[in-house]
Amino acid sequence: MLFPLAARFVAGETADEAIEVVRRLNADGLDATIDVLGEDVGDAPSAARIRDTYAALIEQLHAAGVRTNLSLKLSALGLTFDPALALANFCAILDAAQQALPDPFVRIDMEGSALVEPTLALFRAAFATHRNTGTVLQAYLHRTPADVDEMIALRARVRLCKGAYKEPPSLAIQAMAQVRERYRELALPLLLHGTYPAFATHDESLVDAVRAAATANAVPSSAFEFQMLYGARPELQRRLVAAGYRVRVYVPYGTFWAKYFRRRVTERRENLLFAVGSLIRK
Ligand code: FDA
């Protein structure tokens, strides 16, 4: 019922709607990564449903001919109650993507701090047998510099973001200025030594810092990408494409959109104002 409010940030409730959004983004020179919404799944049949939804999406993408890869959350595949089951579900998705998609890459999103170590452990296990995956590191966590070093050594693809969850000072930097500083510090080794890093942010000061560091170190724009969320700063996304950068838009869809939408509005008050405003203007 609330969906019209979420529609700015969620592509729709069906795969067809998400594919249509990706088609429009592709026409504007943007790449995409599609996420089937769903997290904190508590039983095996629900985790299997999410796995099967990804498999069906992959079938549809095979025929659709759009430029996209996939993102997912391991808690949707059973990580919180059965990591071995989550690994099996995840590897089934990696296999299906490898068989059917021109870009078979499947990114593991990073969730709250309780799931960081289990997520990285499962990522390492999957990466040992499947190269078409990578993960996300959150600049606000104190542990992340060491994780960046590990992922560089593994030659694993990293998406760097600030971090979207409320974490205690013992685990995460609290002040935004310091989170930004840490983000810039971590972006440099990823640019210089990482494997096709992705810089996920709508923060123009960070976008500019990444651009400047790439230019100063002669890192070509084809060696990394920016990533932004569907509905957030569409004009900045297109400006970067016009300037010759690769930009990938995160396109979530599905019926379980409430938690995703809540994160977007608690992150930025203007996101809620924008959603309400666009509802009124309809
Ligand atoms: P932030 O919200 O700090 O904003 C900085 C500036 O950007 C603002 O002052 C404003 O000018 C502008 N701005 C930002 N959003 C805007 C909007 N909607 N409209 C207009 N102006 C806006 N987190 C996580 O924990 N795990 C994950 O796996 C991911 N994955 C992920 C993928 C992608 C593609 C993105 C873009 C982000 C994530 N995140 C994430 C979320 C991330 O950690 C972070 O919470 C948000 O990106 C918000 O931080 P920003 O750096 O984007 O800008």
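Before going into details, it helps to say that this report is about the structure given with it.

What counts and how
- Residues numbered from 1 in each chain as written.
- Predicted model: local features only at pLDDT ≥ 70, side-chain atom pairs only at ≥ 80, totals over all residues.
- Heavy atoms only, no water.
- Pairing = 2+ DSSP bridges.
- Helix = DSSP H or I, 4+ residues; strand = E, 2+ residues; numbered from the N terminus.
- Axes fitted to C-alpha atoms, helices over the stretch in contact; angles between N-to-C directions.
- Contact = heavy atoms within 4.5 Å.
- Salt bridge = Lys/Arg side-chain N within 4 Å of Asp/Glu carboxyl O.
- Near = heavy atom within 4 Å.
- Polar contact = N/O pair within 3.5 Å; in protein donor to acceptor, adjacent residues only side chain to side chain.
- Areas by Shrake-Rupley, 256 points an atom, 1.4 Å probe, with all protein chains shown as cover.
- 1 Å grid on protein atoms, 1.4 Å probe; cavity = no way out; pocket = protein on both sides within 12 Å on 5 of 7 lines; lining within 4 Å.
- Sits in = over half its atoms within 2 Å of the grid points.
- Nonpolar A, V, L, I, M, F, W, Y, C, P; charged D, E, K, R; others polar.
- Phe/Tyr/Trp six-rings, centres within 6.5 Å; stacked < 30°, edge-to-face > 60°.
- Buried < 20%, exposed > 50% of the residue type's maximum accessible area, 1.4 Å probe, protein only.
- Right-handed = clockwise from strand over helix to strand, strands pointing away.

As for the sheet that holds strand β6 (residues 198-200)
Pairing within the closed barrel is parallel, and its eight strands lie in the order β1-β2-β3-β4-β5-β6-β7-β8. For this sheet, the mean angle separating the axes of adjacent strands, direction not counted, is 30°. The pairing of strand β2 (residues 68-72) with strand β3 (residues 106-108) spans three bridges and is parallel. Along β3, the bridge assignment pairs S71 with R107. Across the face of the sheet, helix α7 (residues 176-193) comes into contact with β5 (157-161) and β6 while running at roughly 160° to β5.

Observations concerning the pattern of salt bridges
For the coordinates displayed, the defined rule picks out 18 salt bridges. Between D147 and R143 there is a salt bridge whose closest N-O contact spans 2.6 Å.

A word on the site of the ligand
In the region of the ligand, 24 residues are neighbours, and K162, G163, T201, E267 and N271 sit closest. Here an oxygen atom of the ligand and a backbone polar atom of A164 are 3.0 Å apart. Contact with the protein chains removes 85% of the 950 Å² of surface that the ligand exposes when unbound. Spatially, the ligand is embedded in the largest pocket. Ranked by the residues each element gives to the shell around the ligand, the list is headed by strand β7 (residues 225-229), at three residues. Residue composition of the shell around the ligand, by class: 10 nonpolar, six polar and eight charged.

Quick notes on the packing of aromatic side chains
As enumerated under the stated definition, the model contains six aromatic pairs in all. Between F199 and F224, the aromatic rings sit 6.1 Å apart at their centres with planes inclined by 65°, giving edge-to-face as the arrangement. Residue F199 is located in strand β6, and its partner F224 is located in the loop between α8 (204-216) and β7; the two are separated by 25 residues in the primary sequence. You'll find F199 and F224 in the same group, each marked buried. Taking the centre distance of 5.7 Å and the plane angle of 85° together, the rings of F224 and F226 count as edge-to-face. Residue classification places F224 among the buried residues on the basis of a relative accessible area of 1%. For F226, a relative accessible area of 0% gives the class buried. Here the aromatic cluster, defined as three or more aromatic residues joined through ring pairs, consists of F199, F224, F226 and Y245.

As for the pairing of β5
Residues in a regular strand point their side chains to alternate faces of the sheet. Of all five residues in β5, five are buried; the element is thus mostly enclosed. Because side chains alternate across β5, one face comprises the buried residues R157, R159 and C161, and the other comprises V158 and L160, equally buried. The pairing of strand β4 (residues 133-138) with β5 spans five bridges and is classified as parallel. The partner of G134 across the bridge, within β5, is R157. For the crossover that starts at β4, traverses helix α6 (residues 144-154) and ends in the parallel β5, the hand is right-handed. Both β5 and β6 contribute to a ladder of two bridges, which runs parallel. If you follow L160 over to β6, its bridge partner there is F199. Taking the sense of rotation as the criterion, the β-α-β connection linking β5, α7 and β6 turns out right-handed.

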